[in-house]
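Chain and residue survey
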Amino acid sequence: MQEEWGDMLITAWNRADWINLPGRVGDRIGKLIGAPAGTVVMGDTLSVKVYQALAAALEISSERRIILSDSGNFPSDLYIAEGLIKSLDKGYELKLCEPEAIADSLNDEVAVLMLTEVDYKTGRLHSMQNLTAQAHDKGILTVWDLAHSAGALPVQVTDTDVDFAVGCSYKYLNAGPGGPAFIYVAPRLADQVRPALSGWLGHEAPFAFDLDYRPGPGIERMRIGTPPILQLTALEASLDIWDLADINDVRARSIELTDLFIGLVESSCPELKLVSPRDGEQRGSQVSFQFRHGYAAMRALIDRGVIGDFRAPDIMRFGITPLYINAEDIHRAVSIIEDVMLYRHWDKKEYFSRSAVT
Ligand SMILES: *Cc1c(COP(=O)(O)O)cnc(C)c1O
């Protein structure tokens, strides 16, 4: 902020190469999701990136008219699909199935399979590898949302041959609130897709100021407008940790810590019912418990320094990341949770009135 924005002002677009920051940071995230350099770019919010990926996939997916997703997907992804279907007005339809029924719901009417790898509520992990292969067998394109995967577990977008992947940077990548999203397009498609949101920075020659749009090469065309340089810089700094940490080690430790957390909570808090998969290999890096007064209980925990969140109607969600949480923290947190449950510290009027963000 001081050296670049403070001293160079707008000349930093060239002198500090701000103009290419979305691709530079994209390449670093690419390493975490198994994507080669030049296939990931940053910008906008995840909802916008879902729109771009889905619109591009639908346009290259022939005559089929079904978008298949599951009831565990994050609502924003489904809302974006609904909105896109309305504005395209070509008879597309969004079909939802249960998370367990995806493989059986793939057929030759489905154009695009759009899923989030880790369920935001329960942490249940889909097999990106198997579902992508099964979708491709039936001629279906895939759009994977990696919001709760990137930085939490190893992801291999190239090896699993996914078509489009998107994700945000403010969950396990620690960009901070409002950090920009990322989008990956498989290199075999990147020069073929037409960007639905064709902004000037995705143009082949933005500073030619031509009056007609020509898409830039490859992933560049998924850029839209001016990137958030301060947010990208914060994200770039947060990514330095990955020069020291290996995602496979982080994953192994995450499973250890989440197993420990589940065991301790279950033995000390009988009212909390586990809704995450018990098998660590089947979970992301979060653990969720069901409790009728989950909202009030989470408020009481936050007051005592255990910061999780609440997902309606009754889920208490705990994000557990080994980059800054260790076994001692888990023990301390569980003793606070036990105390809150045993002495019903949650049972206070002020904990029942809902804040705007839960
Ligand atoms: C967090 C999350 C989002 C949020 O999208 P924004 O546009 O960044 O607010 C979208 N999809 C999934 C699956 C998420 O987990």
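Since we're looking at a predicted model, the values are computed, not measured. (Residues numbered from 1 in each chain as written. Predicted model: local features only at pLDDT ≥ 70, side-chain atom pairs only at ≥ 80, totals over all residues. Heavy atoms only, no water.)

Moving on, we come to the side chain of D77. Considering the arrangement of structural elements, one finds D77 in helix 5 (residues 75-88). Despite its burial, D77 pairs with no opposite charge; the closest candidate is K171, at 7.7 Å N-O. Excluding anything up to four places from it in sequence, D77 contacts V50, M114, T116 and D145. (Helix = DSSP H or I, 4+ residues; strand = E, 2+ residues; numbered from the N terminus. Buried < 20%, exposed > 50% of the residue type's maximum accessible area, 1.4 Å probe, protein only. Lys, Arg positive; Asp, Glu negative; His and termini not counted. Salt bridge = Lys/Arg side-chain N within 4 Å of Asp/Glu carboxyl O. Contact = heavy atoms within 4.5 Å.)

This part covers the pattern of salt bridges. Side-chain pairing between opposite charges can occur once the charged atoms of the two side chains come close. Counted under the stated rule, the structure contains 19 salt bridges. The shortest N-O distance in the salt bridge between R194 and E59 comes to 3.0 Å. One end of the pair, R194, is in the loop between helix 8 (187-190) and helix 9 (229-239); the other, E59, is in helix 4 (residues 46-59), and 135 residues separate them in sequence. Judged by its relative accessible area of 46%, R194 falls in the partly exposed class. Taking the relative accessible area as the measure of exposure, E59 reaches 43% and is therefore partly exposed. Across the pair D347 and R344 runs a salt bridge, and its minimum N-O distance is 3.1 Å. Salt bridges here are not isolated pairs; linked through shared partners, they connect R28, D240 and D243.

A few words now on the environment of K273. The residue K273 is located in strand 8 (residues 273-274) in this model. Taking the C-alpha atoms as reference points, K273 and D314, separated by 41 residues in sequence, lie 10 Å from one another. Apart from residues lying up to four places away in sequence, K273 is in contact with S288, F289 and Q290.

A separate point is the nonpolar core. Core analysis: the biggest nonpolar cluster contains 47 residues, and I33, L113, L146, V157, L173, F182 and L235 have the highest contact counts within it. Listed by contribution, the elements that provide at least two residues to this core are helix 3 (21-32), strand 1 (40-42), strand 2 (66-70), strand 4 (110-116), helix 7 (128-137), strand 7 (182-185), helix 9 and helix 10 (247-268). Every residue in contact with V157, bar those within four places of it in the chain, is listed here: I33, G34, A35, M128, L146, V162, A165 and Y184. Listed in part, the 33 residues of the second largest apolar core include A56, Y92, V185 and V193. (Core = buried A, V, L, I, M, F, W, Y, C linked by side-chain atoms within 4.5 Å.)

With that settled, the discussion passes to the domain arrangement of the protein. Quoted interface sizes are often the accessible area lost when the parts come together. Parsing the protein into structural domains produces domain 1 (2-243) and domain 2 (247-348). When each unit is reduced to the centre of its C-alpha atoms, the spacing between domain 1 and domain 2 is 30 Å. Domain 1 puts 17 residues into the contact, and the matching count from domain 2 is 23 residues. For domain 1, the biggest contributors to the area lost against domain 2 are K121, T122 and Y172; these three give 32% of the whole. Scanning the region where domain 1 abuts domain 2 turns up 0 salt bridges. Inspection of the region where domain 1 meets domain 2 yields 9 residue pairs in polar contact (both at pLDDT 80 or more). Taken together, the residues that form the side of domain 1 that touches domain 2 break down as 9 nonpolar, 5 polar and 3 charged. (Domains from an automatic or database assignment. Buried area = accessible area lost by both parts, 1.4 Å probe. Polar contact = N/O pair within 3.5 Å; in protein donor to acceptor, adjacent residues only side chain to side chain. Nonpolar A, V, L, I, M, F, W, Y, C, P; charged D, E, K, R; others polar.)

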